[in-house]
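Secondary and tertiary structure notes
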Amino acid sequence: RWIKFHSHLATRLPDGTQIRDGIAIDTTARRETEAELENHRQRLDLALDAGNTCTWDNDLETGRITLDARWAAMLGHPPHETTTTARGLLSLVHPDDRPEVFASAARIADPAHDDYLIEQRVRNAQGDWIWISSRGRVVRRRPDGRPARVIGVNTDITAYKTAGELLAQRVAQR
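Moving on: the sheet that holds strand E5 (residues 82-84). Ordered in space as E5-E4-E3-E8-E7-E6, the 6 strands form an open sheet in which the pairing is antiparallel. This sheet does not close on itself; its edge strands, each paired only once, are E5 and strand E6 (115-123). Taken pair by pair, the neighbouring strands of this sheet meet at an average axis angle of 20°, ignoring direction. Judged from the 9 bridges that link them, E6 and strand E7 (residues 129-141) form a sheet pairing that is antiparallel. Its bridge partner lying in E7, Arg 123 is registered against Trp 129. Contacting E6, E7 and strand E8 (147-156), helix H5 (residues 158-173) crosses the sheet at an angle of about 130° to E7.

Here we take up helix H1 (residues 28-50). Over its 23 residues, H1 extends 33 Å from the first C-alpha to the last, a length consistent with the 33 Å expected when each residue adds 1.5 Å. Once H1 ends, the next one or two residues include Asn 52, with phi positive near 50°.

Let us look at the packing of aromatic side chains. Applying the stated criterion across every chain, the model contains 1 aromatic pair. Each ring, one from Trp 56 and one from Tyr 116, has its centre 6.2 Å from the other, and the planes form 85°; the classification is edge-to-face. Within this pair, whereas Trp 56 is found in strand E3 (residues 53-59), its partner Tyr 116 is found in strand E6, the two being separated by 60 residues in sequence. What makes Trp 56 buried here is its relative accessible area of 7%. What makes Tyr 116 buried here is its relative accessible area of 13%.

Quick look at the pattern of salt bridges now. Where side chains of opposite charge bring their charged atoms close, a pairing between them can arise. What the rule picks out here adds up to 16 salt bridges. The salt bridge involving Lys 161 is made with Glu 119; its shortest N-O contact spans 2.9 Å. Residue Lys 161 is found in helix H5, and its partner Glu 119 is found in strand E6; the two are separated by 42 residues along the sequence. On the basis of relative accessibility, which here comes to 22%, the residue Lys 161 falls in the partly exposed class. The exposure class assigned to Glu 119 is partly exposed, which follows from its relative accessible area of 37%. The shortest N-O distance in the salt bridge between Asp 144 and Arg 146 comes to 2.7 Å. Residue classification places Arg 146 among the partly exposed residues on the basis of a relative accessible area of 43%.

Estimated volume of the largest pocket: approximately 630 Å³. Around the largest pocket, the lining comprises 24 residues; the ones closest to its centre are Asn 58, Ile 65, Ala 86, Val 101 and Tyr 116. Where the lining of the largest pocket is concerned, the elements lending two or more residues are E3, strand E4 (64-67), helix H3 (86-90), helix H4 (98-109), E6, E7 and E8.

Grouped together as the largest cluster of nonpolar side chains are 18 residues, with contacts concentrated most on Leu 67, Trp 71, Val 101, Tyr 116, Val 122 and Ile 132. Within the residue set of this core, elements represented by two or more residues are E3, E4, helix H2 (69-74), H4, E6 and E7. If near-sequence neighbours (up to four positions away) are discounted, Tyr 116 is found in contact with Trp 56, Val 101, Ser 104, Ala 105, Ile 108, Ser 134, Arg 135 and Gly 136.

What follows concerns the environment of Glu 100. Within the secondary structure layout, Glu 100 lies in helix H4. For the pair Glu 100 and Thr 158, spaced 58 residues apart in sequence, the C-alpha separation works out to 18 Å. Apart from residues lying up to four places away in sequence, Glu 100 is in contact with Arg 107 and Ile 118.

Here is what the cut-offs are and how they apply
- Residues numbered from 1 in each chain as written.
- Predicted model: local features only at pLDDT ≥ 70, side-chain atom pairs only at ≥ 80, totals over all residues.
- Heavy atoms only, no water.
- Pairing = 2+ DSSP bridges.
- Helix = DSSP H or I, 4+ residues; strand = E, 2+ residues; numbered from the N terminus.
- Axes fitted to C-alpha atoms, helices over the stretch in contact; angles between N-to-C directions.
- Contact = heavy atoms within 4.5 Å.
- Expected span 1.5 Å × (residues − 1).
- Phe/Tyr/Trp six-rings, centres within 6.5 Å; stacked < 30°, edge-to-face > 60°.
- Buried < 20%, exposed > 50% of the residue type's maximum accessible area, 1.4 Å probe, protein only.
- Salt bridge = Lys/Arg side-chain N within 4 Å of Asp/Glu carboxyl O.
- 1 Å grid on protein atoms, 1.4 Å probe; cavity = no way out; pocket = protein on both sides within 12 Å on 5 of 7 lines; lining within 4 Å.
- Points joined across faces, edges and corners; volume = space filled by probe spheres on them.
- Core = buried A, V, L, I, M, F, W, Y, C linked by side-chain atoms within 4.5 Å.

This is the structure we're talking about:
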């Protein structure tokens, strides 16, 4: 068991004896909950790393998009949490893919559509195009129905796309 003690000097007797007042709190359940939460966080981190996936949080009311450290690493930068805007992210998207990005954003403006899904090419730090699958969901809407917050994940699917292109080339050569 984990016990936390808080005490203070209540009085001192003439012979120097101290009488302390205090409380003992059993913190075992809290420590167990914290350990369980840390275990879940570690498991999520390992799964995201294994899937070459990052998380993002788009606050449409402030215009701020926060991406976890895996995003920077995915683009070839040192890992660090990134805060940007839709315009900042769009500047990384291949010009041919931008119309679909706009169409996907327009779809979730409709309260009947909460899910966001798009595959797009994004320029990395080396200047190469990598394929990103971006999946998200509207988690909060304004009273008028417009999305207020969208949360999701980006996954690097470049290897999958490259393998598909190679396969298509081999089939075409037969």
